[in-house]
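Structural characterization, general
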Amino acid sequence: MNSRERVMRALRREGLPDRVPLQFDLSRPRMRDDMGQLGVTLGKVHSAYELYAGGQLIGRAGRMPPDPQMQFDRYQSFVIPPSLVDDEGRLTLAIRVWRHPYVGYFSSGGAYEGPFELGKLFDLSRRVGVGELPTLLLAMLYAFFGLYHLYLFGRNTCLLYT
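Per chain, residues are indexed from 1 in the order of the written sequence. Under the rules for a predicted model, residues below a pLDDT of 70 receive no local features and side-chain atom pairs below 80 are neither given nor counted, while totals for whole chains, interfaces and linings still include all residues. Note: side-chain values were computed over all heavy atoms of the structure, leaving out hydrogens and water.

1. Examining the pairing of strand S4 (residues 48–53)
Note on exposure labels: buried denotes an accessible area under 20% of the residue type's maximum, exposed denotes more than 50%, and partly exposed covers the range between, all computed with a 1.4 Å probe on protein chains only. Helix and strand definitions follow DSSP, with helices as H or I runs of at least four residues and strands as E runs of at least two, each counted in order from the N terminus. Burial analysis of S4 places six of its six residues in the buried class, which makes it a mostly covered element. Across the two faces of S4 the burial is the same, with Ala48, Glu50 and Tyr52 and Tyr49, Leu51 and Ala53 all buried. For two strands to be treated as a pair, DSSP must find no fewer than two bridges joining them. Inspection of the sheet shows S4 paired to strand S7 (residues 90–98) by six bridges, in the antiparallel sense. From the neighbouring strand, Leu51 faces S7, where its bridge partner is Ile95. Looking at chain direction, S4 and strand S5 (residues 56–61) are connected through five bridges and run antiparallel. Across the sheet, residue Tyr49 finds its bridge partner in S5, namely Ala61.

Below you can see the structure in the form of structure tokens.
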């Protein structure tokens, strides 16, 4: 049974949320050699998800019912083992998503924001790290101004002894 058949069989299972299959063609030898360590980055997904490659679970955030656990706003990168690319060079990815009924009442379930990319794992990790730089710089700026105001308060002796 190839990866496509495993994913299609999983989609027909009853009582579970759907897995949306995506197929990528990596059959050209040059493309396979240039790829290096393959990875996938997922952005924000409502409540919980499981990621499958070639019909095998490679990552998750949160837990699915019957023992659900929600995990919000989490960017993650997952390694795709080369063995999950089939003999014809095709890679099938599927994501199984669960959304708690009380979360995002007016929105649909599933992915809603952030990077959803497939590529070299090193490039994906670097891109996510660079995306966090503005937040880090703002936090450092706030900390600097907070410490500077504490310094000014300490220098003003009339405020210390009143």
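2. Digging into the nonpolar core
Joining through side-chain atoms within 4.5 Å is the link that ties buried Ala, Val, Leu, Ile, Met, Phe, Trp, Tyr and Cys residues into a set, and such a set is a nonpolar core. Membership of the largest hydrophobic core comes to 16 residues, with the highest contact counts inside it found for Val40, Ile58 and Ile80. Listing elements by their share of this core, those giving two or more residues are strand S2 (38–42), S4, S5 and S7. Those residues in contact with Ile80, other than ones at most four positions away along the chain, are Gln37, Leu38, Gly39, Val40, Ala53, Ile58, Leu91, Leu93 and Leu118. Residues count as neighbours in contact if any of their non-hydrogen atoms are within 4.5 Å of one another.

3. Notes on the side chain of Glu50
With respect to the helices and strands, the residue Glu50 is situated in strand S4. Judged by its relative accessible area of 8%, Glu50 falls in the buried class. What qualifies as a polar contact is a pair of N or O atoms within 3.5 Å, subject to a donor-acceptor requirement within protein and to the restriction that residues adjacent in sequence count only when both atoms come from side chains. Only 2.7 Å separates the side chain of Glu50 from the side chain of Tyr52, close enough to count as a polar contact. Once residues within four sequence positions are removed from consideration, Glu50 is found in contact with Leu57, Gly59, Arg60, Met64, Ala94, Ile95 and Arg96.

4. With respect to a nonpolar patch on the surface
Patch membership requires over 30% relative accessible area and the absence of a salt bridge. Like charges are linked within 9 Å, and nonpolar side chains (Val, Leu, Ile, Met, Phe, Trp, Tyr) within 5 Å. With residues, only the protein chains shown are counted as cover, and all accessible areas are computed by Shrake-Rupley using a 1.4 Å probe. Between Lys or Arg on one side and Asp or Glu on the other, a salt bridge is scored when a side-chain nitrogen of the former is within 4 Å of a carboxyl oxygen of the latter. Taken together, Leu138, Leu141, Tyr142, Phe144, Phe145, Tyr148, Tyr151 and Leu152 make up a surface patch of nonpolar side chains, about 840 Å² in accessible area. Within the fold, Phe145 resides in helix H4 (residues 133–155).

5. Focus: the packing of aromatic side chains
Only centres within 6.5 Å qualify two rings of Phe, Tyr or Trp (six-membered ring in Trp) as a pair; their planes then separate them into stacked at under 30 degrees, edge-to-face at over 60, and tilted for everything else. Enumeration according to the criterion identifies four aromatic pairs in this entry. Measuring from ring centre to ring centre gives 5.6 Å for Phe144 and Phe145, while their planes differ by 70°; the resulting arrangement is edge-to-face. You can call Phe145 partly exposed: its relative accessible area is 41%. Between the aromatic rings of Phe144 and Tyr148, the centroid separation amounts to 6.3 Å while the plane-to-plane angle is 15°, which identifies the pairing as stacked. In this pair, Phe144 and Tyr148 are both assigned in helix H4, four residues apart and thus about one turn of the helix distant. By relative accessible area, which is 51% here, Phe144 ends up exposed.

6. Quick look at unusual backbone geometry
Cis geometry marks the peptide bond from Pro65 to Pro66; its omega dihedral reads 20°. On the secondary structure map, Pro66 appears in the loop between S5 and strand S6 (76–79).

7. Re the sheet that holds S2
Strand order across the open sheet formed by three strands is S6-S2-S9, with antiparallel pairing between neighbours. Every interior strand has two partners, whereas the edge strands, S6 and strand S9 (117–120), have only one. Here the strands of the sheet are splayed against their neighbours by 30° on average, with no regard to which way each runs. Of the pairings in the sheet, the one linking S2 to S9 comprises four bridges and is antiparallel in character. Opposite Val40, over in S9, you have Leu118 as the bridge partner. Orientation is described by lines fitted to C-alpha atoms, with helices fitted over the stretch in contact, and by angles between N-to-C directions that extend from 0 to 180 degrees. On top of the sheet, helix H3 (residues 121–131) reaches S2, S6 and S9; it is set at about 120° to S9, its chief contact.

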